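# A look at the structure
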Amino acid sequence: MITYYKDAEVVVTSAGVRMSGRQFALADFAAVWHRRGRRSWGVVAGRGAIGLAILIPILVGVLGILIALLIGASTSVTVALVGGGILAGLLALPLADVLLERIDRSYDRGSRNLEIWGLVRGADVLLLRTDNRQRFGQIYRALQRALDSGPIRR
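Residues numbered from 1 in each chain as written. Predicted model: local features only at pLDDT ≥ 70, side-chain atom pairs only at ≥ 80, totals over all residues. Heavy atoms only, no water.

### A closer look at the overall build of the protein
- Each helix and strand counted, the protein has three helices and seven strands in total.
- By its C-alpha atoms, the protein is 90 × 30 × 20 Å across when sized along the principal axes.
- In the protein, which comprises 154 residues, the proportion classed as buried is 33%.
- Carbon and sulfur atoms provide 61% of the accessible area of the protein, an area that totals close to 9800 Å².
- Of the side-chain charges in the protein, 20 are positive and 11 negative, and the distance between the mean point of each set is 4 Å. (Helix = DSSP H or I, 4+ residues; strand = E, 2+ residues; numbered from the N terminus. Buried < 20%, exposed > 50% of the residue type's maximum accessible area, 1.4 Å probe, protein only. Areas by Shrake-Rupley, 256 points an atom, 1.4 Å probe, with all protein chains shown as cover. Lys, Arg positive; Asp, Glu negative; His and termini not counted. Charge placed at Lys NZ, Arg CZ, Asp CG, Glu CD.)

### Re the pattern of salt bridges
- Counted under the stated rule, the structure contains five salt bridges.
- Across the pair arginine 105 and glutamate 101 runs a salt bridge, and its minimum N-O distance is 3.9 Å. Here arginine 105 pairs with glutamate 101, and both are found in helix 2 (residues 75–109), just four residues apart, close to one helical turn.
- The shortest N-O distance in the salt bridge between glutamate 115 and arginine 129 comes to 2.8 Å. Taken together, the residues glutamate 115 in strand 6 (residues 112–120) and arginine 129 in strand 7 (residues 123–130) connect sequence positions 14 residues apart.
- A relative accessible area of 48% places arginine 129 in the partly exposed class.
- Here the salt bridges do not stand alone but share partners, grouping Asp7, Glu9 and Arg135 into one network. (Salt bridge = Lys/Arg side-chain N within 4 Å of Asp/Glu carboxyl O.)

### Comments concerning the packing of aromatic side chains
- For the structure on display, the rule yields two aromatic pairs.
- Ring plane angle 10 degrees and centroid distance 5.9 Å describe the contact between phenylalanine 136 and tyrosine 140, whose orientation is recorded as stacked. With phenylalanine 136 and tyrosine 140 both in helix 3 (residues 133–149) and four residues apart, this pair spans about one turn of that helix.
- The class of phenylalanine 136 is buried, set by a relative accessible area of 10%.
- Above the plane of the ring of tryptophan 117 lies arginine 35, whose end atom (NZ or CZ) is 4.7 Å from the centre.
- The residue whose ring lies beneath arginine 47 is tyrosine 107, and the NZ or CZ to ring-centre distance is 3.9 Å. (Phe/Tyr/Trp six-rings, centres within 6.5 Å; stacked < 30°, edge-to-face > 60°. Lys NZ or Arg CZ within 6 Å of the ring centre and 35° of its normal.)

### Quick word on helix 3
- When the terminal C-alpha atoms of helix 3 are compared, their 24 Å separation across 17 residues agrees well with the 24 Å that a helix rising 1.5 Å per residue should span.
- The backbone nitrogen of glutamine 134 lies 3.1 Å from a side-chain oxygen of the residue at the head of helix 3, namely asparagine 132. (Expected span 1.5 Å × (residues − 1). Polar contact = N/O pair within 3.5 Å; in protein donor to acceptor, adjacent residues only side chain to side chain.)

### Focus on the nonpolar core
- Counting 22 residues, the largest nonpolar core has Val12, Met19, Ile116, Leu127 and Leu143 as its most contacted members.
- For this core, the secondary-structure elements that each account for two or more residues are strand 1 (3–6), strand 3 (16–19), strand 5 (29–39), strand 6, strand 7 and helix 3.
- Counting residues per element, this core draws most heavily on helix 3, which supplies six residues.
- The residues touching leucine 127, leaving out its near neighbours within four places in the chain, are Met19, Ser20, Arg22, Phe24, Phe29, Ile116, Trp117, Gly118 and Leu143.
- Judged by nonpolar contacts, the second largest core, of five residues, contains Ile54, Ala96, Leu99 and Ile103. (Core = buried A, V, L, I, M, F, W, Y, C linked by side-chain atoms within 4.5 Å. Contact = heavy atoms within 4.5 Å.)

### Quick look at a nonpolar patch on the surface
- A grouping of Leu55, Ile58, Leu59, Val62, Leu66 and Leu70 is seen on the molecular surface, where their side chains present a nonpolar patch of about 590 Å² in accessible area.
- When you line up the elements, valine 62 lands in helix 1 (residues 41–70).
- On the accessibility criterion, valine 62 (44% relative accessible area) is partly exposed. (Patch = residues over 30% accessible without salt bridge, like charges linked within 9 Å, V, L, I, M, F, W, Y side chains within 5 Å.)

Quick look at the structure:
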């Protein structure tokens, strides 16, 4: 028996498939397809909020420098405002690294639910629903390989 994919919830082998707590033999499948669900606007808005959180310290820094140059204050106040503006901008660097990593993980997960469906014994069956694009692709390809190779005869 060949194992094409295996995790805690899904097993795809040359003998059959276990998904969502149900077992299916490969011979039970007449067809397999996938669907993309609706876009989650909450995920998209979250990405925008993270991008805004990256820009705010930089904008505060630039604003501090502009105010220092425009108000015509004494040299010490101007130096303090410019220095504060530069520090605010520099503080954005470590924050930006953490936030950009969160955005990367958000794109790995995707903004849509992905579904794998199968025609099993004449009925359309939802086999899997996930928002993890990488896992979805691995499972779908494993299922395709298993179905293309067919059951192993001994």
